[in-house]
Amino acid sequence: MERGALTDAVSRAARVLPARSPVPVLGGLLLDADTGRLRVSGLDFEASARVETQAHTVRPGKVLVMGRRLLAICKVLPEGPVECAVEGSRLTVTGDGSRFGLSILPLDDYPALPPLPDVRGTVDAGEFGSAVAQVAVAAGRDDTLPTLTGIRLGLDGSTMTLAATDRYRFAVRTLPFEAKAPDVTADVVVSARRLTEIARSLGRSGRVDVSVDGGSAGFEHAGTRTTVRLLDGRLPRHDKLFALGDTAVAVMDRARLVEAVRRVSVVADGGSPLQMTFSPGPDGSALLQAGFEDDVAAQRLPAAFDGAGEMTVAFNPAYLTDALSSFEDATVRMRLLGPGQRAMISGEGAGPSAHEHLLMSVKPSLL
């Protein structure tokens, strides 16, 4: 097979391998060659992956080798055809004059891959990958609160909802879902890290089959099949939290705002907030400020602001940067309740492809 095809299959399957494992065989990748194809599989206690690609098979067979070592070899192989063969207790990989040998792991000790749950429907691969990346920024990082490190995967008829929160921010993205049956529903939590890895391993075109049962979720696309165990618990519903009522509204150029936030934030040491003062009128603007005493930074940007008067709010600069960077729209809309209250950031999209990011503002500091 071609070096590029082998490297792609091995790298996708290796995403699920554990960094460390008390069970040595779980660090392995299973190579299963049959007529016209090669399957590369990996798993640990939480996830599994199987990638199928075309190959000219001289003799069918299976072999288990250390996955990360095989991936390292694939990355340095010369371009062109690659031949893999089992010679005694070794797998040899050769290509364009280079030759590598890998010791074989005991195949009998390798557990079977978990079955794929029942398929609930399909979703566009590119849109799914973008949606996962957009909400994953709001997922928690504290492993003592495992549910908050996950992404809610909700299915309700023709809509898929992805949501994540760490209690200080809450990101939600909806996207069209083609259900296998009209009454398809699901409400589960999947590890944000795992789901991000899965989304990256899938292609950006075509459809992804989405499978869910009581203990796992599965995704299959263009020869790549992955499963992941569900997290216990449920994330809080966002419906009431996102109902802000009457708010002031600011509309700004997203790229310029992201650049300004990053620029002004360089003086925001120790988690100090970034302050935004919005001014209404024909020449509406937003003044960004951060810092303390003599170490300060400021920048003014144009902003279409609809409010009763001038309003000052402040945010954690890292959270604000994450939120704004997760959007792909040219402009963003900020709905503001006031200092120390909820603020909603949304893009230009609406309906079945809406993306919203809720941030808690903090009390502005005097500069």
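The name an unreviewed UniProt entry assigns to the chain is DNA polymerase III, beta subunit, from the organism Streptomyces pratensis. Taken from UniProt, the Subcellular location (unreviewed entry) comment for the chain reads in full: "Cytoplasm". According to the UniProt record, the Sequence similarities (unreviewed entry) comment for the chain reads "Belongs to the beta sliding clamp family."

1. Notes on the environment of Gly88
Along the polypeptide, Gly88 turns up in the loop between strand 5 (83-87) and strand 6 (90-95). On the basis of relative accessible area, Gly88 is assigned to the exposed category, the value being 70%.

2. A few points about helix 1 (residues 3-14)
An ideal rise of 1.5 Å per residue puts 16 Å on 12 residues; helix 1 measures up with 16 Å between its terminal C-alpha atoms. Looking at helix 1, one finds that the buried residues are Arg3, Leu6, Thr7, Ala9, Val10, Ala13 and Ala14. Across the axial projection of helix 1, the buried residues extend over an arc of 165 degrees, all falling on one side. The elements touched by buried residues of helix 1 are strand 1 (28-34), strand 2 (37-43), strand 3 (47-54), helix 2 (67-76) and strand 5.

3. Concerning the nonpolar core
If you look at the biggest cluster of nonpolar residues, it comprises 37 residues, and the most contacted ones within it are Phe128, Ile151, Leu153, Met160, Leu162 and Phe219. For this core, the element with the most residues is helix 3 (residues 125-136), which contributes six residues. The contact partners of Leu162, leaving out residues within four places of it in the chain, are Phe128, Ala131, Val132, Val135, Ile151, Arg152, Leu153, Ala171, Val172, Arg173 and Leu175. If you look at the next biggest cluster of nonpolar residues, it comprises 32 residues, including Ala260, Leu274, Ala290 and Phe315.

4. Considerations on the sheet that holds strand 12 (residues 178-179)
Strand order in the open sheet formed by nine strands is 4-1-2-3-16-15-14-8-12, with antiparallel pairing between adjacent strands. Each edge of the open sheet is held by one strand with a lone partner, namely strand 4 (61-66) and strand 12. Of the pairings in the sheet, the one linking strand 8 (residues 119-124) to strand 14 (residues 207-212) comprises five bridges and is antiparallel in character. From the neighbouring strand, Asp124 faces strand 14, where its bridge partner is Arg207. Taken strand by strand, helix 2 contacts strand 1 and strand 4, and its axis lies near 95 degrees from that of strand 4. Of the strands in this sheet, strand 3, strand 15 (216-221) and strand 16 (224-229) are in contact with helix 4 (residues 192-201), which crosses strand 16 at around 175 degrees.

5. Things to note about the UniProt feature "domain: DNA polymerase III beta sliding clamp central" (unreviewed entry) in the chain
The sites that carry the UniProt feature "domain: DNA polymerase III beta sliding clamp central" (unreviewed entry) are, in the present numbering, residues 123-236. As annotated, residues 123-236 has a helix share of 19% and a strand share of 45%, and its two end C-alpha atoms lie 24 Å apart.

6. Observations regarding the UniProt feature "domain: DNA polymerase III beta sliding clamp N-terminal" (unreviewed entry) in the chain
UniProt feature "domain: DNA polymerase III beta sliding clamp N-terminal" (unreviewed entry): in the numbering of this structure it lies at residues 2-114. Secondary structure across residues 2-114 divides into 19% helix and 40% strand, with the first and last C-alpha atoms of the span separated by 29 Å.

7. Quick look at the packing of helix 3 against helix 4
Where helix 3 meets helix 4, the axes come as close as 9 Å, and the angle between the chain directions of the two elements is 150 degrees. Between helix 3 and helix 4, the interaxial angle falls into the category roughly antiparallel. The way helix 3 lies across helix 4 gives a crossing that is left-handed. Facing Phe128, Gly129, Val132 and Ala136 of helix 3, the residues of helix 4 in contact are Leu195, Thr196 and Ala199. Of the residues assigned to the contact of helix 3 with helix 4, the class counts are five nonpolar, two polar and no charged.

Conventions we followed
Residues numbered from 1 in each chain as written. Predicted model: local features only at pLDDT ≥ 70, side-chain atom pairs only at ≥ 80, totals over all residues. Heavy atoms only, no water. UniProt positions renumbered as here; feature names shortened; annotations may be inferred. Helix = DSSP H or I, 4+ residues; strand = E, 2+ residues; numbered from the N terminus. Buried < 20%, exposed > 50% of the residue type's maximum accessible area, 1.4 Å probe, protein only. Expected span 1.5 Å × (residues − 1). Arc of directions from axis to C-beta. Contact = heavy atoms within 4.5 Å. Core = buried A, V, L, I, M, F, W, Y, C linked by side-chain atoms within 4.5 Å. Pairing = 2+ DSSP bridges. Axes fitted to C-alpha atoms, helices over the stretch in contact; angles between N-to-C directions. Parallel < 35°, antiparallel > 145°, perpendicular 65-115°, else oblique. Left-handed = near helix turned anticlockwise from the far one by under 90°. Nonpolar A, V, L, I, M, F, W, Y, C, P; charged D, E, K, R; others polar.

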